[in-house]
Amino acid sequence: MFVDFNLSVNSLPKSTDFCVVGSGPAGMTLALELERHGRSVVLLEGGGLEWSPESHELYRGDVIGDHYVALEFARARLLGGTSGHWGGWSYQLTDLAFKKKAGFEDAQWPIEKKDLDPFLPQARSVLDIGPPADEVVLDGEFGIKEFRISYSRVRFGQKYRERLASSQHITCVTNANLTGLKTDGRNVVAATVTNFMGQSGSVYAKYFVLAMGGIENSRMLLWCNHQANGHLVDSRAPLGRYWMEHPAYTVGHALVDLKIPKTEYFRPHLLLTFTEAVFRKLGILECSIALEEIPSSGTKGLLKDLICVAPKAGEWAASLAGKNIVCGTKLIIGWEQEPVWSNHVKLSETKRDRFGIPLVELHWKKTDRDRVTLEKALSQFNDFLMARNRGRLKLDDWVLGKGGYPASADDGVSYHHMGGTRMASTVEKGVVDQNCRVFGQDNLYVAGSSVFPSGGEANPTLAIVQLSLRLAEHLRNA
Amino acid sequence: MYSRRSFLIGLFVLAQAGLLFRIHLKKSGKFVRQGWVLQEGDV
C-alpha cells in the first residue's frame, strides 16, 4: 500500500521487519524480494509518485574538480529513483572487474563474479531483459572483443507501482525524507523521516537498508554519523571516499570496415572491448569503445577529407565504400575510473537543504592513470585497425593537444555514481562488509552502486539489482 | 631505479600532453596529419 507522508503524518507503521530507504532499482528490488518471502517492509521514498520541484531541489550540490553536470539533473528523486530517466543499458560486470589488478590495489572486490552469478536470471527478469548475444573475439592477437548489451525499458516507479499499491507486506511511504538515524551504539533503533511541511515521524525496524543512490548513501551516512557523534560508522572506515564515474568521451571519428549492428532503441553501434590478457598486458583498467554509425552524408564527408589528406588510404576507403562496406562512425571511449581516496563525497560547510542537512560537495577529478587508460586503449585499437587494414581514425584536437578534456554539456559523464560506501573485507578499506553491512552497526546495510569498490566497464544497474537480490537472501537468513 | 614518485611524475607529464599516444605512434612508424592517424603507404 501507499502512504503519502505529506497528507497523513500519523500513519507510519508502528514496527516492521525491514525499513528500506529509497525506491530506485536497488531499494525497490530489495523490498519486492523481501515481500515475496513474506517479510514486512516499510519502503521510504523522499520524493512523490511524480516529479516535484521541492524534491528535485534536494539533489542540488557542488562539484569541485573536473567538469560535471549539475547534480540535481544527474539523478531523479521520485518513486523509482533515477530509473525514471535512465538509458536502460544492461551488461554484466566482468570477471576482471572483481579481481586484483597489478598496480591498482584499490580496484578489487572482496567477492567474486560467481557470487553474483546465481542472481543474474532473476535480475534480468526484474529488468525485463534477456541475455545478450555472446561475445565475439574479433581478433585474437590484438585481443579485441565485440560485446552486446541488453536494453531495459523498465521504469521502476511505473512498472512496480501497482504491485506496491496492492501489496500486503510493503508500505511505501512517499514524501518521507530520511533526516536521521537513531543508534544505541550497535544497532539502529529508528529512522526519522520528515515531510515537506516539516513534520516528522519515526520508523522502527529490525533492519535498516539505505538505498538512496550513489551519492546520497554517502551524504546521509556522513550526516547521520555526525548527528550520532561518530557512533554510527566505524571511524576507521573511508566513508564517502573512492567515489567513481565511468568517464566517456567522443575522441573523434572513424572510417571502418566493420559491421555496425543495428540496435533496438538506439542508432546502430558496435561495442568493443579487450580481453583480460590485453588489459593486464597494457596495465590499464577496463574500457569500452563504441563505434556509433553516422549518417551517410557524414561518411561521405570523412571519405572526401581522407582522400585529400592521404590519397592512397582514401582510395582504399572509397573502393570499400563502393561496395557498401566502409562505414563512418563516431568514436567514443569510456573507461573504468581508478578508485582513489581523494575523490569523495563531503558535506558542505556552508550550504544546507530545507531540512537543515548539509548539501553534498562532490570532489571529483580524473587521474593521470585515467588518461593513460584512454590513450593506451586508443593505441591498441588503432594498431588493430591498421595492422588488419580495417579502418582509419580521425581524432579530435583535444586528444593530442595539451588542453586536457573537453568540458561542456555532459562531456565525460556517464551518470554512473559509484563508491563512497565501498565494500571491503576490512574496515580500513571499506564502509560495508561483503554482505553490505555497515562496519559499526549490526543491523544497518547499504544497497546500490555506492558499495562498488571498482566500477568495471559495465553500466551499473544490472549489478545493482543482482546485489540487492543477494542482499535480500542474506537478510532473509539473518 | 626509478622511485614510484618519479614514475608517477613522468606518467603525469606524458599523459597530460597526450604524449603517450604520440610516442606510441612514432615508435610504430605512424603519424598524424590533420587529425587522421596514418602510416607509411597511406599518403
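Quantities reported herein were computed from a predicted structural model and do not represent experimental measurements. (Residues numbered from 1 in each chain as written. Chains lettered and ligands numbered in written order. Predicted model: local features only at pLDDT ≥ 70, side-chain atom pairs only at ≥ 80, totals over all residues.)

A. Up close: the overall build of chain A. Summing up its helical and strand segments, chain A has 14 helices and 20 strands in all. Computed over C-alpha atoms, the radius of gyration of chain A comes to 23 Å, within 12% of the 23 Å expected from 2.2 N^0.38 for 478 residues, which places it in the range of a compact globule. Referenced to the eigenvectors of the C-alpha coordinate spread, the extents of chain A come out at roughly 75 × 45 × 40 Å. Burial analysis of chain A (478 residues in total) assigns 51% to the buried set. (Helix = DSSP H or I, 4+ residues; strand = E, 2+ residues; numbered from the N terminus. Rg over C-alpha atoms; globule rule 2.2 N^0.38 Å. Buried ≥ 20, exposed ≤ 12 C-beta atoms within 10 Å, placed from the backbone.)

B. Spotlight on helix H12 (residues 368–387) of chain A. All names here are of chain A. Across its 20 residues, H12 extends 28 Å between first and last C-alpha, which sits within 8% of the 28 Å expected from 1.5 Å per residue. Of all 20 residues making up H12, 16 are buried, and the element is well covered by its neighbours. Taken from the residues just after H12, Asn 389 is the one with a positive phi, measuring 55°. (Expected span 1.5 Å × (residues − 1).)

C. Just the interface of chain A and chain B, in detail. Across the contact, 26 residues belong to chain A and 23 residues belong to chain B. Taken together, the elements giving at least two residues each to the side of chain A that touches chain B come down to helix H10 (296–309), helix H11 (311–322), H12, strand E19 (391–395) and helix H13 (397–400) of chain A. Of the residues forming the side of chain A that touches chain B, the biggest block, 11 residues, is contributed by H12(A). Taken together, the residues of the side of chain A that touches chain B break down into 12 nonpolar, 4 polar and 10 charged. (Contact = placed C-beta atoms within 7 Å. Nonpolar A, V, L, I, M, F, W, Y, C, P; charged D, E, K, R; others polar.)

D. Just the packing of helix H1 (residues 25–36) of chain A against helix H14 (residues 461–477) of chain A, in detail. Residues and elements named next belong to chain A. At a minimum axis separation of 8 Å, H1 and H14 run at an interaxial angle of 35°. Crossing angle aside, the handedness with which H1 passes H14 is right-handed. Across from Pro 25, Ala 26, Thr 29, Leu 30, Glu 33 and Leu 34 in H1, the residues of H14 making contact are Thr 461, Ile 464, Val 465, Ser 468, Leu 469, Leu 471, Ala 472 and Leu 475. A breakdown of the residues in the contact of H1 with H14 according to their chemical character gives 10 nonpolar, 3 polar and 1 charged. (Axes fitted to C-alpha atoms, helices over the stretch in contact; angles between N-to-C directions. Left-handed = near helix turned anticlockwise from the far one by under 90°.)

E. Molecular detail of the confidence of the model for chain B. Residue and element names in this part refer to chain B. Counting all residues, the mean pLDDT for chain B is 73, and 58% of those residues have values of 70 or more. The lowest-confidence element of chain B is helix H1 (residues 4–16), averaging 52 in pLDDT; the highest-confidence one is strand E2 (residues 36–39), averaging 96. Scored as a complex, the prediction yields pTM 0.94 and ipTM 0.87. (pLDDT = per-residue confidence, 0-100.)

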